[in-house]
Each structure stands twice: as C-alpha cells, then as structure tokens.
Amino acid sequence: MSLPHKNEEYGTEVYWDKRYEQEAEDASFDWFKTYADVAHDIRKFIPSRDARILMLGCGNSKFSEDMWEDGYKNIVNVDYSPVVIEKMRNRHKDARPEMTWEVKDVRTLDGLDTSSFDVAIDKGTMDAMMTSSTDVWDPPEQVIKDCTAEVSQVIRVLKRNGIFIYITFGQPHFRRRYLTGPHITRNTSLEINQLGESFHYYMYTLRML
C-alpha cells in the first residue's frame, strides 16, 4: 500500500488513482471498521434486505461485498477514481452481478435521481476530505464546503424515511456541524452511537423524516 507523503493527499483523486494502479487486482483495504464489526448495527438500521443502498467512496473495501453476502444485494458503489471502479467492477461482475460500480464524485452525485435510495453509507470518505485541515476546531472553508456538499447530495438522493449512515473516528463536537445546519434542507433526526471499547469510533445516523 502506497502511503501519501502528506495527509492532505488522502483528499485528492491523483493520489487514489496512483495507489489503485499500483495495488494488486485483488487488493482491498477497509478504513476504521469492517462489516463484521458493525453488522449488528447495520441490520438494525437497515432491516430490509431489499433496500437500495448507495456506498459513498467505496474504494476497494470489502464492506459492500460482505453486505452482499449478508443478503443486501441492491448496492450502488461510487468512487471518483475510475481506476478502482474498473477493478471492482471486474472483480465482482460474475460473482455479484446485482451490485453496480459507477464513477461519481460524492460532492455532486451527478446522474443519480432525487429520492432514489433508501440508504447511503459513508465509511471514511468524508474523513478523507478533511485531511487538509490541521485545526479540527476551525477547518478551512474548502473542507466545510466539500463535506456539506456531500451531505447535501446525500439528502437529495435519499427517499423519505431514508437514512444516511456515517462511520468515523470523529467525535460529535467535530462532526455534528456537517450533519446539521442550513445545508440540511429536509426534516431529519440525528442519532449518534459510540462503537468500540478502547479507541472509540462513531456511527452517525441521519434519518429523513
């Protein structure tokens, strides 16, 4: 795995394309938690295996694959790296034909219809866009713009009663600002659950009302 020289490179398409080009065809990497770590919570928040799910910034994570094996077949995986999307499409096209793989930027989600998904999941993607910030209390305007753009687009594509699940190590006083505020154009409710016992992660669940 090729690590960046600076953390802010995690937020650039150039870094990810180069990294995915260098990695083996069957390489995979999961940020924060695996599906097994959070499967109990996922099943609670997504009781229907027929839910249409949008995986934001999928990379080459096995999270979608493991969800598929658990019965969630209707998953649309998006990432702005065409390199990884092509690799993942080829990897899964025969074994898991129901899953689709599309090149899309989470900040725009061009081509995805309004109110067309039951669930959207972000596990580390928004965090990657925050890596250019050295001050978590006062992030630069571009970080705020990118993160709120993603959330705004997620709200657009979710159906009524749809949910946005965001898994991160970011504590509520640093992350709540992106899930509340004037860019939230629909009635929503926010639930925050702490994961883990020593090093804590968080699962934020934003539900459309």
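Definitions and cut-offs
Residues numbered from 1 in each chain as written. Predicted model: local features only at pLDDT ≥ 70, side-chain atom pairs only at ≥ 80, totals over all residues. Heavy atoms only, no water. Core = buried A, V, L, I, M, F, W, Y, C linked by side-chain atoms within 4.5 Å. Buried < 20%, exposed > 50% of the residue type's maximum accessible area, 1.4 Å probe, protein only. Helix = DSSP H or I, 4+ residues; strand = E, 2+ residues; numbered from the N terminus. Contact = heavy atoms within 4.5 Å. Pairing = 2+ DSSP bridges. Axes fitted to C-alpha atoms, helices over the stretch in contact; angles between N-to-C directions. Expected span 1.5 Å × (residues − 1). Right-handed = clockwise from strand over helix to strand, strands pointing away. 1 Å grid on protein atoms, 1.4 Å probe; cavity = no way out; pocket = protein on both sides within 12 Å on 5 of 7 lines; lining within 4 Å. Points joined across faces, edges and corners; volume = space filled by probe spheres on them. Nonpolar A, V, L, I, M, F, W, Y, C, P; charged D, E, K, R; others polar. Lys, Arg positive; Asp, Glu negative; His and termini not counted. Salt bridge = Lys/Arg side-chain N within 4 Å of Asp/Glu carboxyl O. Disulfide = S-S within 2.5 Å.

Now for the nonpolar core. Counting residues in each nonpolar core, the largest one holds 30 residues, and the members touching the most others are Ile 42, Ile 46, Ile 53, Phe 63, Met 67, Ile 121 and Ile 165. Elements that contribute at least two residues to this core include exactly α2 (35-45), β1 (53-56), α3 (63-69), α4 (82-92), β4 (117-123), β5 (158-168) and β7 (201-208). Looking at this core, the element that brings in the most residues is α2, giving five residues. If we skip the residues at most four places from it in the chain, Ile 121 touches Ile 42, Ile 46, Ile 53, Leu 54, Met 55, Leu 56, Phe 63, Met 67 and Ile 165.

For the rest of this paragraph, the subject is the sheet that holds β5. One open sheet holds the seven strands; their spatial order is β3-β2-β1-β4-β5-β7-β6, and the pairing between them is mixed. Of all the strands in the sheet, just β3 (100-103) and β6 (188-195) have a single pairing partner and so form its edges. Neighbour-to-neighbour, the strand axes of this sheet turn through a mean angle of 20°, independent of strand direction. In terms of strand pairing, β6 meets β7 through eight bridges, oriented antiparallel. Among the inter-strand pairings, Thr 188 is bridged to a residue of β7, identified as Met 208. Sheet strands in contact with α2 are β4, β5, β6 and β7, and its direction is about 10° off that of β7. Strands in contact with α4 are β2 (75-79) and β3; relative to β3, the strand with the most contacts, it is inclined by about 165°.

With that settled, consider helix α6 (residues 141-157). A rise of 1.5 Å per residue sets the reference length of α6, with its 17 residues, at 24 Å; its end C-alpha atoms lie 24 Å apart and thus fit the reference within 8%. Every buried residue of α6 is accounted for by Val 143, Ile 144, Asp 146, Cys 147, Thr 148, Glu 150, Val 151, Gln 153, Val 154, Ile 155 and Val 157. Buried positions along α6 lie against β1, β4, α5 (125-129), β5, α7 (172-179) and β7.

On β1, burial covers both faces: Ile 53 and Met 55 on one face and Leu 54 and Leu 56 on the other are all buried. Both β1 and β2 contribute to a ladder of four bridges, which runs parallel. Counted as the bridge partner of Leu 54 is Val 76 from β2. Taken together, β1, α3 and β2 form a β-α-β motif whose crossover is right-handed. The pairing of β1 with β4 spans four bridges and is classified as parallel. The residue of β4 that forms the bridge with Met 55 is Ile 121.

This part takes up the environment of Tyr 35. The residue Tyr 35 is located in helix α2 in this model. Between the alpha carbons of Tyr 35 and Phe 63 there is a distance of 5.3 Å; along the sequence they are 28 residues apart. Look past the residues within four positions of Tyr 35 in its chain and what remains in contact with it is Ile 42, Arg 43, Phe 63, Asp 66, Met 67, Asp 70 and Tyr 72.

A word on empty space enclosed by the protein. Under the criterion given, the structure shown has one cavity of 30 Å³ or more. Considered as a void within the structure, the largest cavity measures approximately 30 Å³ in volume. The element best represented in the lining of the largest cavity is α4, accounting for three residues. Residues of the lining of the largest cavity, tallied by class, amount to four nonpolar, one polar and four charged.

The subject of this paragraph is the side chain of Asp 41. Topologically, Asp 41 is positioned in helix α2. As a buried residue without a salt bridge, Asp 41 has its nearest oppositely charged side chain in Lys 44, at a separation of 4.3 Å. Once residues within four sequence positions are removed from consideration, Asp 41 is found in contact with Leu 195 and Met 203.

What follows deals with the state of the cysteines. Put plainly, a disulfide is one covalent bond tying together the sulfur atoms of two cysteines. On inspection of all chains with the given rule, the structure shows zero disulfides. Counting only cysteine sulfurs, Cys 147 is the nearest neighbor of Cys 58, a cysteine outside any disulfide, at a range of 18 Å.

Nothing here speaks to function; it is geometry throughout.
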